[in-house]
Amino acid sequence: MKHFATALLVFLAFHTSHSQTYEIGGLLGGSNYIGDVGPTTYINPNNLAVGGMFRWNRSPRHSFRFTAMIAGLESDDADSKETRRQQRGFSFNNSVKELSLGIEYTFWEFNTHSVKPQNSPYLYTGITYFNYESLFLERNNELKKYGNAWSFAIPMVVGYKLTVGRYMVLGAEIGARYTFTDNLDGSNPTGIKEGDPNLKFGNINSNDWYVFTGINLTVMFGKKPCFCTF
């Protein structure tokens, strides 16, 4: 019994010493698309994006992060600098609903339990699963919606965050999503008249991207680590 009690105390001390802080909050910003319609500027927010965020700070240098976001996507050939696209005159509207899970790394230590102000640049990546509206090109050269689909994407995010007071973290970030689909713009439809080459346009060997540019604000909660000795 004595050995059991000792082992239990050691386990509790280890578990307590590894207690971590959590964060929950929201994100707000703009979104834009890069593909076969409109301009190809990577950072060019032209629609609203909103969502929520949860962080589990596993150490002062890395966190597990989950986000859910809804973003509008739109683009118009008239805004392109390419003469060929301007003459073609395509445009579309779409939206994505994404769930993303991954790891966030800070460039230097970001101790959420410190009483001193904290700040650091960070990188985030992981896996994104998102829903979007399927489009196709009609005979009158208009892009129409015919359903919706799910696909994966790889998020590549760079940002900067700092503590605000004792319990809040404010961040600003730019994050590109490389998607596993080429039909956010209707250029490469699947599941509808796939054998008709007239429904496809642009570079069908290159997938689409979308980008989020904005801020996030989270509230910290959870127990502060207790380094106890017995």
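Note that the coordinates shown come from a computational prediction; the quantities given were computed from them, not determined experimentally.

> Is there a simple way to think about the nonpolar core in this case?
In terms of nonpolar packing, the biggest core is built from 22 residues, with Val 96, Phe 130 and Leu 184 touching the most fellow members. Mapped onto this core, the elements with two or more residues apiece are strand S1 (21–34), strand S2 (47–59), strand S3 (62–76), strand S4 (91–106), strand S5 (119–137), strand S6 (143–164) and strand S8 (209–221). At four residues, the largest contribution of residues to this core is made by S5. Dropping the residues within four chain positions of it, Leu 184 is found in contact with Tyr 33, Leu 73, Phe 92, Asn 94, Val 96, Phe 130, Tyr 132, Leu 135, Thr 179, Asp 208, Trp 209 and Tyr 210.

> What am I meant to see in the packing of aromatic side chains here?
The geometry of an aromatic ring pair comes down to the distance between the two centres and the angle between the two planes. In the structure shown here, the tally under the stated rule is 14 aromatic pairs. Ring geometry for Tyr 22 against Trp 56: centres 6.2 Å apart, planes inclined by 25 degrees, an arrangement best described as stacked. One end of the pair, Tyr 22, is in strand S1; the other, Trp 56, is in strand S2, and 34 residues separate them in sequence. For the pair Tyr 178 and Phe 180, a centre-to-centre distance of 6.2 Å together with 65 degrees between the ring planes defines the contact as edge-to-face. Its relative accessible area of 45% is what places Phe 180 among the partly exposed residues. Every member of this aromatic cluster is reached through a ring pair, and the members are Tyr 22, Phe 54, Trp 56, Phe 64 and Phe 221. We note Arg 55 situated over the ring of Tyr 122; from NZ or CZ to the ring centre the distance is 5.9 Å. The positively charged end of Arg 166 is found above the aromatic ring belonging to Tyr 167, 5.6 Å away from the centroid.

> Just to check I follow, could you spell out the pairing of S5 for this structure?
In the case of a regular strand, side chains alternate between the two sheet surfaces. The pairing of S4 with S5 spans 11 bridges and is classified as antiparallel. Of the residues in S5, the one forming a bridge with Tyr 105 is Leu 123. Examined bridge by bridge, S5 and S6 share 17 bridges and lie antiparallel to one another. Note that in S6 the partner of Tyr 124 across the bridge is Val 157. Taking the residues that link successive antiparallel strands as the turn, the S5-S6 hairpin has five residues, and the phi of Asn 141 there is positive, at about 65 degrees.

> What exactly am I supposed to notice about the pattern of salt bridges here?
For side chains bearing opposite charge, pairing can occur when the charged atoms are close. A full pass over the atoms with the stated rule returns 11 salt bridges. Taking the shortest distance from any N to any O, the salt bridge between Asp 77 and Arg 88 comes out at 2.8 Å. Of this pair, Asp 77 sits in the loop between S3 and helix H2 (83–88) while Arg 88 sits in helix H2, placing them 11 residues apart in sequence. In this structure Asp 77 comes out as buried when scored by relative accessible area, which is 0%. Its salt-bridge partner being Lys 144, residue Glu 142 comes within 3.2 Å of it at the nearest N-O pair. Accessibility expressed as a relative area gives 34% for Lys 144, which makes it partly exposed. Put simply, Glu 23, Arg 55, Arg 65, Glu 104, Lys 161 and Glu 173 are held in one network by salt bridges that share partners.

> Which parts of the structure should I look at to understand the confidence of the model for the protein?
It should be kept in mind that the predicted coordinates are not to be read in detail where pLDDT is low. Overall, the predicted model of the protein reaches an average pLDDT of 87, with 85% of residues at or above 70. Predicted confidence for residues 7–19 stays below pLDDT 50, and this span has 10 contacts to residues more than four positions away or in other chains.

> What is the right way to read the environment of Met 220 from this model?
Along the chain, the position of Met 220 falls in strand S8. Since its relative accessible area comes to 8%, Met 220 is described here as buried. Leave out the neighbours within four places in its chain, and Met 220 touches Thr 21, Tyr 22, Glu 23, Thr 112, Arg 166, Tyr 167, Met 168 and Val 169.

> Even after reading the chapter, I still don't get the sheet that holds S8, so can you show me in this structure?
Strand pairing in a sheet relies on backbone hydrogen bonds, with the paired strands running either antiparallel or parallel. Around the barrel, which closes on itself, the eight strands sit in the order S1-S2-S3-S4-S5-S6-S7-S8 with antiparallel pairing between neighbours. With strand direction ignored, the average angle separating the axes of adjacent strands in the sheet is 25 degrees. By the bridge criterion, 10 bridges tie S2 to S3 in an arrangement that is antiparallel. In the strand pairing of S3, Phe 54 is matched with Phe 66.

How each quantity is defined
Residues numbered from 1 in each chain as written. Predicted model: local features only at pLDDT ≥ 70, side-chain atom pairs only at ≥ 80, totals over all residues. Heavy atoms only, no water. Core = buried A, V, L, I, M, F, W, Y, C linked by side-chain atoms within 4.5 Å. Buried < 20%, exposed > 50% of the residue type's maximum accessible area, 1.4 Å probe, protein only. Helix = DSSP H or I, 4+ residues; strand = E, 2+ residues; numbered from the N terminus. Contact = heavy atoms within 4.5 Å. Phe/Tyr/Trp six-rings, centres within 6.5 Å; stacked < 30°, edge-to-face > 60°. Lys NZ or Arg CZ within 6 Å of the ring centre and 35° of its normal. Pairing = 2+ DSSP bridges. Salt bridge = Lys/Arg side-chain N within 4 Å of Asp/Glu carboxyl O. pLDDT = per-residue confidence, 0-100. Axes fitted to C-alpha atoms, helices over the stretch in contact; angles between N-to-C directions.

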